[in-house]
Amino acid sequence: MSLAVARAPDFSQNAENRAGKITAERLALLLPDITRELAKTAAHYDRTGEFPHANLALLHAHGLLSLAVPYAFGGPEFSLAELRHVISAVAKGEPSTALLLVMQYIHHQVLLDKVEWPQSLRATVYQNALEDGALINSFRVEVAVGSPLRGGLPATTARRTPQGWRLSGEKICATGIEGLTWLLIWAKSDDPTPLVGAWLVRRAAPGIRITENWDYLGMRATGSHTIVLENVLTPLEYAVNVTPSNQPANPQSAAWQGFPRANATLIGALYDGIAQAARDAFIDWLKNTVPSNLGAPLASLPTLQQKAAEIDSLLLQNRCLLDALASAPLRENEPGLLQATVLENAIAAVEKIL
């Protein structure tokens, strides 16, 4: 039976910068244990939709929530190629936890090039992650508007006051809201020509209310509920990435250029990790199931050996595609195309298993 062996992740980059932090060698040894530990309670979280606080505490205890924090801010500065192996290992154990980690890594990587942010504020977000495992995520989607990536002004409004900005509105699909420290809220200001973009808000700020309505078939533990903001106060300098509505943000900025690749690589690694877990469970089932009329494991049947080889072929393609996504030179539209192929392969592999 085909049994593809995954290559050991290469965590050698920036190794000289990681003295006193998590080391490359330790992380390579740690990831299989992380997968097994997360897998123990994955069914519980999927059944109940309970938020995985314990999983996040485990990742923080081993330094995994801050792997993307730049070295200049005291972090280990793992590369995108390295981070995708971490996401894969976490996704094989518990996918909802992996999605929260994807959002953390993407924001930490892109934030380094956000020149609009005050340096002290970036330092605070990074330091919170290093010391407390503080999570960050962006909230854009609204019922009436959908995703702002498709155009249109958000209904959420930031009102300028002498004390700071007062934000009011509602966001759906607020992934991770139960465990976040920092929220990036997509809104528009009340200026004659509105500012549009992201306002940074502390999760603990008064006026944030969660409507617990995330009850879907999968990824239940992400806690992607609806949140309501009612005159939530945030400092004036926390309008960290806003642009006049008649002057669209520059898509050629360094931060924007880094986002498609990071998003495609890490989301792709998440889907692929789920498919790898399904594949491993399938192989174990074939090896350990002995029908009485066969007198041998199902793994001995040529038709099922062929099916296992087909599954491994799809996942081998994914491994090569993820390698390219993480580090190969790519044209502008290629990260999205490669991500779509990885997702399709992952889904096809699980369909073959089912």
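What counts, and at which threshold
- Residues numbered from 1 in each chain as written.
- Predicted model: local features only at pLDDT ≥ 70, side-chain atom pairs only at ≥ 80, totals over all residues.
- Heavy atoms only, no water.
- Helix = DSSP H or I, 4+ residues; strand = E, 2+ residues; numbered from the N terminus.
- Buried < 20%, exposed > 50% of the residue type's maximum accessible area, 1.4 Å probe, protein only.
- Contact = heavy atoms within 4.5 Å.
- Areas by Shrake-Rupley, 256 points an atom, 1.4 Å probe, with all protein chains shown as cover.
- Core = buried A, V, L, I, M, F, W, Y, C linked by side-chain atoms within 4.5 Å.
- Axes fitted to C-alpha atoms, helices over the stretch in contact; angles between N-to-C directions.
- Parallel < 35°, antiparallel > 145°, perpendicular 65-115°, else oblique.
- Nonpolar A, V, L, I, M, F, W, Y, C, P; charged D, E, K, R; others polar.
- Expected span 1.5 Å × (residues − 1).
- Phe/Tyr/Trp six-rings, centres within 6.5 Å; stacked < 30°, edge-to-face > 60°.
- Lys NZ or Arg CZ within 6 Å of the ring centre and 35° of its normal.
- Pairing = 2+ DSSP bridges.
- Left-handed = near helix turned anticlockwise from the far one by under 90°.
- Salt bridge = Lys/Arg side-chain N within 4 Å of Asp/Glu carboxyl O.

Asks: Describe the overall build of the protein chain, with residues and values.
Replies: Counting its secondary structure elements, the protein chain contains 9 helices and 8 strands. Here the protein chain, with 354 residues, has 46% of them falling under the buried criterion. Considering only contacts in the protein chain between residues 6 or more positions apart, those separated by 24 or more positions represent 72%. Total accessible area computed for the protein chain in this model is approximately 16600 Å², and 56% of it derives from carbon and sulfur atoms.

Asks: Mind laying out the nonpolar core, listing which residues take part and the relevant values?
Replies: Ranked by internal contacts, the top residues of the largest apolar core, which has 55 residues, are Leu27, Leu64, Leu67, Val86 and Tyr105. Among the elements that make up this core, the one with the highest residue count is helix H5 (residues 95–111) (9 residues).

Asks: An account of unusual backbone geometry is requested, with residue identities and associated values reported.
Replies: Positive phi outside glycine occurs at Met219, with the angle close to 50°. By the element assignment, Met219 lies in the loop between strand S6 (208–211) and strand S7 (225–234). Given a relative accessible area of 26%, Met219 falls into the partly exposed group. In the Ramachandran plot, Asn231 falls in the positive-phi region, its phi being about 55° despite a non-glycine side chain. The residue Asn231 is located in strand S7 in this model.

Asks: Tell me about the packing of helix H1 (residues 24–40) against helix H3 (residues 53–61), residues and numbers included.
Replies: Across the interface, H1 lies against H3 with an axial gap of 12 Å and an inter-helix angle of 170°. In terms of orientation, H1 and H3 fall into the roughly antiparallel class. Between H1 and H3, the residues in contact are Arg26, Ile34, Glu37 and Leu38 and Asn55, Leu58, Leu59 and Ala61, respectively. Among the residues making up the contact of H1 with H3, the classes are represented as 5 nonpolar, 1 polar and 2 charged.

Asks: Pulling in residues and values, what's your account of H5?
Replies: For H5, built from 17 residues, the straight-helix expectation of 24 Å at 1.5 Å per residue is met to within 8% by its first-to-last C-alpha distance of 24 Å. Among the 17 residues in H5, 16 count as buried, and that is most of the element.

Asks: With reference to specific residues and values, describe the environment of Ile172.
Replies: With respect to the helices and strands, Ile172 occurs in strand S3 (residues 164–174). Setting aside its immediate chain neighbours within four residues, Ile172 contacts Val141, Glu142, Val143, His225 and Thr226.

Asks: Help me get a handle on the side chain of His108, residues and values and all.
Replies: For His108, the location among the structural elements is in helix H5. In this view, His108 contacts Leu65, Ala68, Val69, Pro70, Tyr126, Ala129 and Ile136; residues no more than four positions away in its chain are not counted.

Asks: Tell me about the packing of aromatic side chains, residues and numbers included.
Replies: If you walk through the whole model with that rule in mind, you get 5 aromatic pairs. Centre to centre, the rings of Trp182 and Tyr238 are 6.3 Å apart; their planes meet at 55°, and the pair counts as tilted. In this pair, Trp182 sits in strand S4 (residues 182–189) while Tyr238 sits in the loop between S7 and strand S8 (241–244), placing the two residues 56 residues apart along the sequence. On the accessibility criterion, Trp182 (0% relative accessible area) is buried. For Arg140, the ring lying beneath its charged end belongs to Trp186, and the centroid distance is 3.8 Å.

Asks: Describe the pairing of strand S2 (residues 157–161), naming the residues involved and giving the relevant values.
Replies: With 5 bridges joining them, S2 and S3 adopt antiparallel strand pairing. For Thr161, the partnering residue across the bridge sits in S3 and is Gly164. Connecting the antiparallel pair S2 and S3 is a turn made up of 2 residues. Two elements, S2 and S4, share 2 bridges in a ladder whose sense is parallel. By the bridge assignment, Ala158 is partnered in S4 with Ser189.

Asks: Could you give an account of the environment of Glu344, with specific residues and numbers?
Replies: By the element assignment, Glu344 lies in helix H9 (residues 334–353). Here Glu344 falls in the exposed class, since its relative accessible area comes to 54%. Glu344 sits 26 residues away from Asn318 along the chain, and the two C-alpha atoms are 9.6 Å apart.

Asks: Please set out the packing of helix H8 (residues 302–327) against H9 residue by residue, giving values where relevant.
Replies: Describing two packed helices takes the angle between their axes plus the distance from one axis to the other. Packing of H8 against H9 leaves a shortest axis separation of 9 Å and a crossing angle of 160°. In terms of orientation, H8 and H9 fall into the roughly antiparallel class. You can see that H8 and H9 cross each other, and the crossing is left-handed. Facing Lys307, Glu310, Ile311, Leu314, Leu315, Gln317, Asn318, Leu321, Leu322, Ala324 and Leu325 of H8, the residues of H9 in contact are Pro335, Leu338, Gln339, Thr341, Val342, Asn345, Ala346, Ala348, Ala349, Lys352 and Ile353. Partitioned by chemical class, the residues of the contact of H8 with H9 number 14 nonpolar, 5 polar and 3 charged.

Asks: Account for the pattern of salt bridges, naming residues and giving values.
Replies: Tallied over the entire structure, the rule returns 13 salt bridges. Arg160 is paired through a salt bridge with Asp191; the nearest N and O atoms lie 3.0 Å apart. Residue Arg160 is found in strand S2, and its partner Asp191 is found in the loop between S4 and strand S5 (195–202); the two are separated by 31 residues along the sequence. Here Arg279 ties to Asp280 by a salt bridge, and the two come within 3.1 Å at their closest N and O atoms. Each of Lys92, Arg279, Asp280 and Asp312 takes part in one network of salt bridges that share partners.

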